[in-house]
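In case you want the letters, here they are:
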Amino acid sequence: MDRWLSFGLLLLCSCSLLMVPGAVAWSKEGHMMTCRIAQALLEPEAAEAVQNLLPHHVDGDLSALCIWPDQIRHWYKYRWTSPLHFIDTPDDACSFDYARDCHDSHGLQDMCVAGAVKNFTSQLMHYKEGTGDRRYNMTEALLFLSHFMGDIHQPMHVGFTTDRGGNTAELRWFRHKSNLHHVWDREIVLTAMKEYYDKDMELLLQDIERNYTDGIWSDDVSSWQHCNEISQCVNRWARESIQIACKWAYKGVEPGMTLADDYFNSRMPYVMKRIAQGGVRLSMILNQVFGDPEEGFAAAT
Ligand SMILES: *[C@@H]1O[C@H](CO)[C@@H](O)[C@H](O)[C@H]1NC(C)=O
Ligand SMILES: *[C@@H]1O[C@H](CO)[C@@H](O)[C@H](O)[C@H]1NC(C)=O
Ligand SMILES: *[C@@H]1O[C@H](CO)[C@@H](O)[C@H](O)[C@H]1NC(C)=O
């Protein structure tokens, strides 16, 4: 309980922490929106399981803890989670190959965001076995899965190796200093909120929700959700990310440049779509692992 209390305090000051340039992961806003979208799409059984796993102080709101994995990744106890936020692919290859790319910097296999999504999905599949003999902390598994489903959809989290997913590509975003990774993590979301949504995340979220329920993406949602075997799905999602990274994030960008209106307007739709896809697919996984076993994944390993 103490840890959750101090987490609450951390959350209060996290705005300033997240302003640090080079902070890595969808911004607070990106992760919160992904989790809000997912939670709204849960079927009753999954909604109840999520409710049971969340600590009381968040009052049933998953999105309040979706940035927790970013906050603990440097703690000694959780240092092993640090490589799980991203994938480094070979420079300019513009492809993802699980065997080639999903490892940490020491070459340990599976230690990347695709391996993490598989790992925490299969841990949560044991939730229904009851409280007696659980090897894993199901609350942590839920929070990690919810966070990493956001990260695997952030195109620059499946970026090139040499520039650490754009983190070392320093440039200007309109008038201030930033880097290419951070532009995709946060700058585009914040500029969109400022330009079109009265700086109000709720209004942006409503617009995203409208676009997948009855708008530009509503015909695509069922194909987004399609997933028979989680290990193939994570490969597909990571591949989508590196392809967007190559075509839309890296293309035409050199360190030292200034990115402004043209870049913002043409890239914003991709950022919004990735946030929506991350949320829709997170709900799909949670509905499968917590729902009717007859309809769930073929046993994930
Ligand atoms: C899976 O989770 C366990 C702890 O819950 C951890 O020890 C292991 O390293 C994780 N592996 C991956 C690929 O996430
Ligand atoms: C599970 O993890 C959470 C967050 O780290 C912690 O607060 C809680 O005490 C853990 N539960 C168990 C049963 O260890
Ligand atoms: C929603 O769709 C409209 C087009 O109908 C588009 O102008 C708007 O930018 C979209 N909003 C988001 C957040 O993607």
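Residues numbered from 1 in each chain as written. Chains lettered and ligands numbered in written order. Predicted model: local features only at pLDDT ≥ 70, side-chain atom pairs only at ≥ 80, totals over all residues. Heavy atoms only, no water.

1. A closer look at the overall build of the protein
(1) Moving on: Of regular secondary structure, the protein possesses 12 helices and 5 strands.
(2) Moving on: Looking at the protein as a whole, 54% of its 301 residues qualify as buried.
(3) Moving on: Looking at the protein as shown, the accessible area adds up to about 14100 Å², and 51% of this sits on carbon and sulfur atoms. (Helix = DSSP H or I, 4+ residues; strand = E, 2+ residues; numbered from the N terminus. Buried < 20%, exposed > 50% of the residue type's maximum accessible area, 1.4 Å probe, protein only. Areas by Shrake-Rupley, 256 points an atom, 1.4 Å probe, with all protein chains shown as cover.)

2. Some remarks on the packing of aromatic side chains
(1) Moving on: Under the counting rule described, the total for this entry stands at 18 aromatic pairs.
(2) Moving on: Both rings, one in W68 and one in F144, keep their centres 5.3 Å apart while their planes meet at 50 degrees; by these two values the pair is tilted. Of this pair, W68 sits in helix α4 (residues 68-72) while F144 sits in helix α7 (residues 138-153), and the two are 76 residues apart along the sequence.
(3) Moving on: Take W68: its relative accessible area is 3%, and that puts it in the buried class.
(4) Moving on: Taking relative accessible area as the criterion, F144 reaches 1% and is therefore assigned buried.
(5) Moving on: Residues W173 and F174 carry aromatic rings whose centres are separated by 5.1 Å and whose planes lie at 85 degrees to one another, so their mutual orientation is edge-to-face.
(6) Moving on: When its relative accessible area of 1% is taken as the criterion, W173 is described as buried.
(7) Moving on: The partly exposed category is assigned to F174, whose relative accessible area is 26%.
(8) Moving on: Members of the aromatic cluster, joined through ring pairs, are W68, W75, Y78, W80, F120, F144 and F148.
(9) Moving on: Sitting above the plane of the Y98 ring, K118 keeps its charged end 4.0 Å from the centroid. (Phe/Tyr/Trp six-rings, centres within 6.5 Å; stacked < 30°, edge-to-face > 60°. Lys NZ or Arg CZ within 6 Å of the ring centre and 35° of its normal.)

3. Description of the environment of F264
(1) Moving on: In this structure, F264 sits in helix α12 (residues 261-290).
(2) Moving on: Put simply, F264 and F174 are 90 residues apart on the chain and 9.5 Å apart in space, counted from C-alpha to C-alpha.
(3) Moving on: Dropping the residues within four chain positions of it, F264 is found in contact with W173, F174, I188, T191, A192, E195 and Y196. (Contact = heavy atoms within 4.5 Å.)

4. Brief notes about the pattern of salt bridges
(1) Moving on: Going through the model one piece at a time under the given rule, you end up with 8 salt bridges.
(2) Moving on: The partner of E29 in a salt bridge is R186, and the shortest N-O contact between them spans 2.8 Å. Placement of E29 in helix α2 (residues 28-40) and of R186 in helix α8 (residues 180-196) is noted, with a sequence separation of 157 residues between them. Like E29, the residue R186 is buried in the burial classification.
(3) Moving on: Across the pair R210 and D207 runs a salt bridge, and its minimum N-O distance is 3.0 Å. In this pair, R210 and D207 are both assigned in helix α9 (residues 201-214), 3 residues apart and thus about one turn of the helix distant.
(4) Moving on: A relative accessible area of 46% means that R210 is categorised as partly exposed.
(5) Moving on: What you see here is one network of salt bridges that share partners, running through E240, R274 and R281. (Salt bridge = Lys/Arg side-chain N within 4 Å of Asp/Glu carboxyl O.)

5. Observations regarding the sheet that holds strand β3 (residues 170-173)
In a beta sheet, neighbouring strands are held together by backbone hydrogen bonds and run either parallel or antiparallel to one another.
(1) Moving on: If you walk across this open sheet you meet the 3 strands as β4-β3-β5, and the pairing is mixed. Of all the strands in the sheet, the pair left with one neighbour each is β4 (176-179) and β5 (258-259).
(2) Moving on: In this sheet, β4 lies alongside β3 in antiparallel orientation, the contact comprising 4 bridges. Looking across to β4, one finds that L171 is bridged to S178. (Pairing = 2+ DSSP bridges.)

6. What about the site of ligand 1?
(1) Moving on: Neighbouring residues of ligand 1: W80, L84, D110, M111, G115, A116, N119, F120, Q123 and Y136.
(2) Moving on: The side chain of Q123 places a nitrogen or oxygen atom 2.9 Å from an oxygen atom of ligand 1.
(3) Moving on: The fraction of the free accessible surface of ligand 1 (360 Å²) that becomes covered by protein chains is 69%.
(4) Moving on: Residue composition of the shell around ligand 1, grouped by class: 6 nonpolar, 3 polar and 1 charged. (Near = heavy atom within 4 Å. Polar contact = N/O pair within 3.5 Å; in protein donor to acceptor, adjacent residues only side chain to side chain. Nonpolar A, V, L, I, M, F, W, Y, C, P; charged D, E, K, R; others polar.)

7. Re the state of the cysteines
(1) Moving on: For the structure shown, the criterion picks out 4 disulfides.
(2) Moving on: Sulfur-sulfur distance for the disulfide between C94 and C246 comes to 2.1 Å. Across the S-S bond linking C94 and C246, the dihedral sits near -95 degrees, which makes this disulfide left-handed. Here C94, found in the loop between β1 (87-89) and α5 (98-101), pairs with C246, found in helix α11 (residues 230-250); they are 152 residues apart in sequence, far enough to count as distant.
(3) Moving on: Judged by its relative accessible area of 27%, C94 is partly exposed. (Disulfide = S-S within 2.5 Å.)

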